[in-house]
Amino acid sequence: EPEVTQTPSHQVTQMGQEVILRCVPISNHLYFYWYRQILGQKVEFLVSFYNNEISEKSEIFDDQFSVERPDGSNFTLKIRSTKLEDSAMYFCASNPGPYNEQFFGPGTRLTVL
Amino acid sequence: QQQVKQSPQSLIVQKGGISIINCAYENTAFDYFPWYQQFPGKGPALLIAIRPDVSEKKEGRFTISFNKSAKQFSLHIMDSQPGDSATYFCAARMTTDSWGKFQFGAGTQVVVTP
């Protein structure tokens, strides 16, 4: 069964460093999303991406965040200068259309020291 | 603004018992309400979903009850099994939201004891 994959599973970084979180969505999906979950809190929407551009972003998704689909398979989330409060689990999701079920990846746990 | 409120935070139930998780929403434009199940180390996976034109949906041991006037919906897990031990998230989405993003509840950790 096709699934969304994410790498790495755990990333530890120093405050101020740049990190790139990688996702491989399901191959025939067209809509891509990033969500994050701070430990013990709810899953929060960050950004949606369609047709090689951001379609919507939340207030969390400020200038330090960016997304890219550098090739036909990968979907990345870059955090330019990490802060302690960026420590969270980051989930990638994809679906073939905006009203279809969203399939989530296993997440990347980001720890900022 | 917390658009979807979920309770309880955690739940311990004996094998064979009923697990009940509740969610309340604020935005009346929401028209799709899924429940996601998440096991440790895995991403959330769709369990069951409902639209507001029905008051109940059942799939196997899992039932969603929906109360549109109260803006509440709940997940019932009948005959709970140890394999049901997971974190459960309710969510909501608007069809008018072109990009399909979800608003999630805070999650409920369910532990089913043998």
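What counts, and where the lines are drawn
- Residues numbered from 1 in each chain as written.
- Chains lettered and ligands numbered in written order.
- Predicted model: local features only at pLDDT ≥ 70, side-chain atom pairs only at ≥ 80, totals over all residues.
- Heavy atoms only, no water.
- Helix = DSSP H or I, 4+ residues; strand = E, 2+ residues; numbered from the N terminus.
- Buried < 20%, exposed > 50% of the residue type's maximum accessible area, 1.4 Å probe, protein only.
- Contact = heavy atoms within 4.5 Å.
- Areas by Shrake-Rupley, 256 points an atom, 1.4 Å probe, with all protein chains shown as cover.
- Lys, Arg positive; Asp, Glu negative; His and termini not counted.
- Charge placed at Lys NZ, Arg CZ, Asp CG, Glu CD.
- Pairing = 2+ DSSP bridges.
- Axes fitted to C-alpha atoms, helices over the stretch in contact; angles between N-to-C directions.
- Core = buried A, V, L, I, M, F, W, Y, C linked by side-chain atoms within 4.5 Å.
- Patch = residues over 30% accessible without salt bridge, like charges linked within 9 Å, V, L, I, M, F, W, Y side chains within 5 Å.
- Salt bridge = Lys/Arg side-chain N within 4 Å of Asp/Glu carboxyl O.

**What to know about the overall build of chain A**
Tallying secondary structure elements over chain A gives zero helices and 11 strands in all. Along the chain direction, N to C, the helices and strands of chain A fall in the order β-β-β-β-β-β-β-β-β-β-β. Referenced to the eigenvectors of the C-alpha coordinate spread, the extents of chain A come out at roughly 35 × 25 × 25 Å. A total of 113 residues make up chain A; the buried ones form 50% of that total. A separation threshold of at least 6 residues defines the contact pool for chain A, and within that pool the share at least 24 residues apart is 54%. Element-wise, carbon and sulfur atoms account for 47% of the exposed surface of chain A, whose accessible area totals about 5,500 Å². Taking the 9 positively charged and 14 negatively charged side chains of chain A as two groups, their mean positions are separated by 4 Å.

**Side note on the sheet that holds strand β3 (residues 19-24) of chain A**
Residue and element names in this part refer to chain A. Spatial strand order, β1-β3-β8-β7: four strands in an open sheet with antiparallel pairing. Looking along the sheet, the strands with just one partner apiece sit at the ends: β1 (5-7) and β7 (65-68). Taking each pair of neighbouring strands and ignoring which way they run, the sheet shows an average axis angle of 20 degrees.

**Re unusual backbone geometry**
Put simply, A:Thr7 and A:Pro8 share a cis peptide bond, and its omega is -10 degrees. Of note, A:Pro8 is situated in the loop between β1 and β2 (10-13). Cis geometry marks the peptide bond from B:Ser7 to B:Pro8, where omega comes out at -5 degrees. Within the element layout of this structure, B:Pro8 appears in the loop between β1 (4-7) and β2 (10-14). One non-glycine residue with positive phi stands out, namely A:Asn51, at about 55 degrees. On the secondary structure map, A:Asn51 appears in the loop between β5 (43-50) and β6 (53-57).

**Observations concerning the environment of B:Phe33**
Residue and element names in this part refer to chain B. Relative to the helices and strands, Phe 33 is located in strand β4 (residues 33-38). Looking at Phe 33, the relative accessible area reads 0%, which means it is buried. Note: C-alpha distance between Phe 33 and Ala 91 (58 residues apart in sequence) is 5.6 Å. If we skip the residues at most four places from it in the chain, Phe 33 touches Tyr 25, Ile 48, Ala 49, Ile 50, Pro 52, Ile 64, Phe 66, Phe 73, Ala 91 and Ala 92.

**Examining the nonpolar core**
Residue and element names in this part refer to chain B. If you look at the biggest cluster of nonpolar residues, it comprises 24 residues, and the most contacted ones within it are Phe 30, Phe 33, Trp 35, Ile 64, Phe 73, Leu 75 and Tyr 88. Secondary structure elements with two or more residues in this core: β3 (19-25), β4, β5 (45-50), β7 (62-67), β8 (72-77), β9 (86-92) and β11 (108-113). Among the elements that line this core, the one with the most residues is β9, at four residues.

**Comments concerning a nonpolar patch on the surface**
All names here are of chain B. A cluster of nonpolar residues, Ile 18, Ile 20 and Met 78, forms a patch on the protein surface that exposes about 240 Å² of accessible area. Within the secondary structure, Met 78 sits in the loop between β8 and β9. Given the relative accessible area of 32%, Met 78 is considered partly exposed.

That's the geometry; what it means functionally is another story.
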